[in-house]
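# Observations on the model geometry
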Amino acid sequence: MRIRSSQITPKALYLRRRELLALGAAGAGALLLPGGARAAETPHGRKLEGVKPGQPSTDEKKSSFEEITHYNNFYEFGTDKDDPARHASKLQTRPWTVKVEGECRKPGTFDIDELLKLPIEERVYRLRCVEAWSMVIPWDGFPLAALLEKVEPTSRAKYVAFESAVQPKNMPGVGAFGAIPFPYLEGLRMDEATHPLTLLAVGIYGEELPKQDGAPLRLVVPWKYGFKSVKSIVRIRLQETQPPTTWSQYGGGTEYGFYANVNPEVDHPRWSQAKERRIGEVFRRPTLKFNGYADQVAKLYSGMDLRKFF
Ligand SMILES: Nc1nc2c(c(=O)[nH]1)N[C@H]1C(S)=C(S)[C@@H](COP(=O)(O)O)O[C@H]1N2
Ligand SMILES: [Mo]
């Protein structure tokens, strides 16, 4: 993995350097933009209207817009952390529909511009990647439960399967040599999916979601490793059986499994999970069980051996 200069240079110097780079590219006009260099190089999305503060939200220092949009995992656009920022502008996000189907009485196809009319809350959550880095992200979104209740799940709906968009012409990582199979698939148990912490995010920092973060809508499950939080969702399926997921199938079972709850006591073959590095900080901090959300979610797993069900 490459180390970005943002991780090793003091923040002010790093921002100054970007400001100079932006000046070179865009001329002095860049300085007049609100937000300076950042505005010059990251296209800002439409402002979301009527976003209300929601709970729970951490009051930890938020990762910057720059960090949240330039240090990403979105393998459809490549494997380097800055590949999504460089390539995701090609993602076509309109028209966009999300199909919700399977074990429900009222399956439907929902247009993203309709979903954007649902009441939107800001939730500031920690995001913990299995690669042992973390951020604090002010998501704007609505509970996944709000969408699921529209389709009236039947009693046979025990799991929820999620599928990301595939746009081969727009996604340089799709079909690339050695790439994981797409579409990117994830899943949750029904009680996890309808838990009040589980969000469908449509924005960050009060703006519609940047493409590299999974526009126009992505899942956010803050007590699980980041790979569960599937981006750019086009299909949600309610089902009786546990769905196959990209990472539980990949690597001959050496990756984390279906549950993937953040757990400092269970290491990944490539990464110890005891500690993590908050992007922008130098010293690593201890990782918290369930990423610090144990009070809210530990009860979902009572009776399960969490060393076995990772
Ligand atoms: N479709 C899709 N969703 C995805 C991924 C991906 O490669 N493709 N990467 C996952 C991983 S490993 C992480 S850590 C988070 C990163 O989200 P962020 O880039 O917005 O921080 O997205 C997750 N969702
Ligand atoms: Mo990740």
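In the block above lies the structure referred to throughout.
Residues numbered from 1 in each chain as written. Chains lettered and ligands numbered in written order. Predicted model: local features only at pLDDT ≥ 70, side-chain atom pairs only at ≥ 80, totals over all residues. Heavy atoms only, no water.

What follows is about the overall build of the protein chain. Looking only at helices and strands, the protein chain features 10 helices and 13 strands. The 310 residues of the protein chain split such that 52% are buried. Within the protein chain, contacts between residues at least 6 apart in sequence are counted, and of these 71% link residues at least 24 apart. Only carbon and sulfur atoms are counted for the fraction: they give 56% of the accessible area of the protein chain, which is about 14,600 Å². (Helix = DSSP H or I, 4+ residues; strand = E, 2+ residues; numbered from the N terminus. Buried < 20%, exposed > 50% of the residue type's maximum accessible area, 1.4 Å probe, protein only. Contact = heavy atoms within 4.5 Å. Areas by Shrake-Rupley, 256 points an atom, 1.4 Å probe, with all protein chains shown as cover.)

A separate point is the site of ligand 1. Of all residues adjacent to ligand 1, which total 16 residues, the nearest are N72, Y75, E76, S164 and K231. Taking Y75, its main chain carries an N or O atom lying 2.7 Å from an oxygen atom of ligand 1. Separating an oxygen atom of ligand 1 from a side-chain N or O atom of R218 is a distance of 3.0 Å. When ligand 1 is considered free in solution it has 540 Å² of accessible area, and contact with the protein chains removes 99% of it. Each residue belonging to the shell around ligand 1 can be placed in one class, and the counts come to 7 nonpolar, 5 polar and 4 charged. (Near = heavy atom within 4 Å. Polar contact = N/O pair within 3.5 Å; in protein donor to acceptor, adjacent residues only side chain to side chain. Nonpolar A, V, L, I, M, F, W, Y, C, P; charged D, E, K, R; others polar.)

Attention shifts here to helix α7 (residues 144–151). Residues spaced three or four apart along an α-helix point in a common direction, a consequence of the helix completing one turn every 3.6 residues. Within α7, burial applies to L144, A145, L147, L148 and V151. Seen from one end, α7 has its buried residues packed into an arc of 160°, which puts them on one side. One or two positions beyond α7, positive phi appears at E152, with a value near 55°. (Arc of directions from axis to C-beta.)

What follows concerns the packing of aromatic side chains. Under the counting rule described, the total for this entry stands at 11 aromatic pairs. Between the aromatic rings of F65 and Y205, the centroid separation amounts to 6.3 Å while the plane-to-plane angle is 55°, which identifies the pairing as tilted. Here F65, found in helix α4 (residues 65–70), pairs with Y205, found in the loop between β8 (199–204) and β9 (207–208); they are 140 residues apart in sequence, far enough to count as distant. A residue is classified by how much of its surface remains accessible, and F65, at 2% relative accessible area, is buried. Classification of Y205 as partly exposed rests on a relative accessible area of 32%. Each ring, one from F227 and one from W247, has its centre 6.4 Å from the other, and the planes form 65°; the classification is edge-to-face. A residue pair is termed long-range when its members are at least 10 positions apart, and F227 in the loop between β10 (218–220) and β11 (233–239) and W247 in helix α9 (residues 246–249) qualify at 20 residues. Summarising the burial analysis for this pair, F227 and W247 share the class buried. In this arrangement the basic side chain of R126 is found over the ring face of Y293, its NZ or CZ atom lying 4.5 Å from the centre. For K228, the ring lying beneath its charged end belongs to F258, and the centroid distance is 4.2 Å. (Phe/Tyr/Trp six-rings, centres within 6.5 Å; stacked < 30°, edge-to-face > 60°. Lys NZ or Arg CZ within 6 Å of the ring centre and 35° of its normal.)

On to the side chain of D140. Within the secondary structure layout, D140 lies in strand β5 (residues 133–143). The side chain of D140 sits in the buried core without any salt bridge; K47 is the nearest counter-charge, 8.9 Å away. At a separation of 3.5 Å, a polar atom in the side chain of D140 contacts the main-chain amide nitrogen of Y205. Separated by 2.7 Å, the side chain of D140 and the backbone nitrogen of G206 make a polar contact. (Lys, Arg positive; Asp, Glu negative; His and termini not counted. Salt bridge = Lys/Arg side-chain N within 4 Å of Asp/Glu carboxyl O.)

Here the focus is unusual backbone geometry. Here the amide bond leading from F182 into P183 is cis, since omega sits at 5°, within 30 degrees of zero. With respect to the helices, strands and loops of the structure, P183 is situated in the loop between β6 (159–164) and β7 (185–189). Across the junction of A215 and P216, the peptide omega takes the value -5°, indicating a cis bond. By secondary structure assignment, the location of P216 is in the loop between β9 and β10. In this structure, E152 takes a positive phi of about 55° despite not being glycine. Take E152: it is sitting in the loop between α7 and β6. The backbone of F290 shows a phi angle near 50°, a positive value even though the residue is not glycine. Turning to its location among the elements, F290 is positioned in the loop between β13 (285–286) and α10 (294–297).

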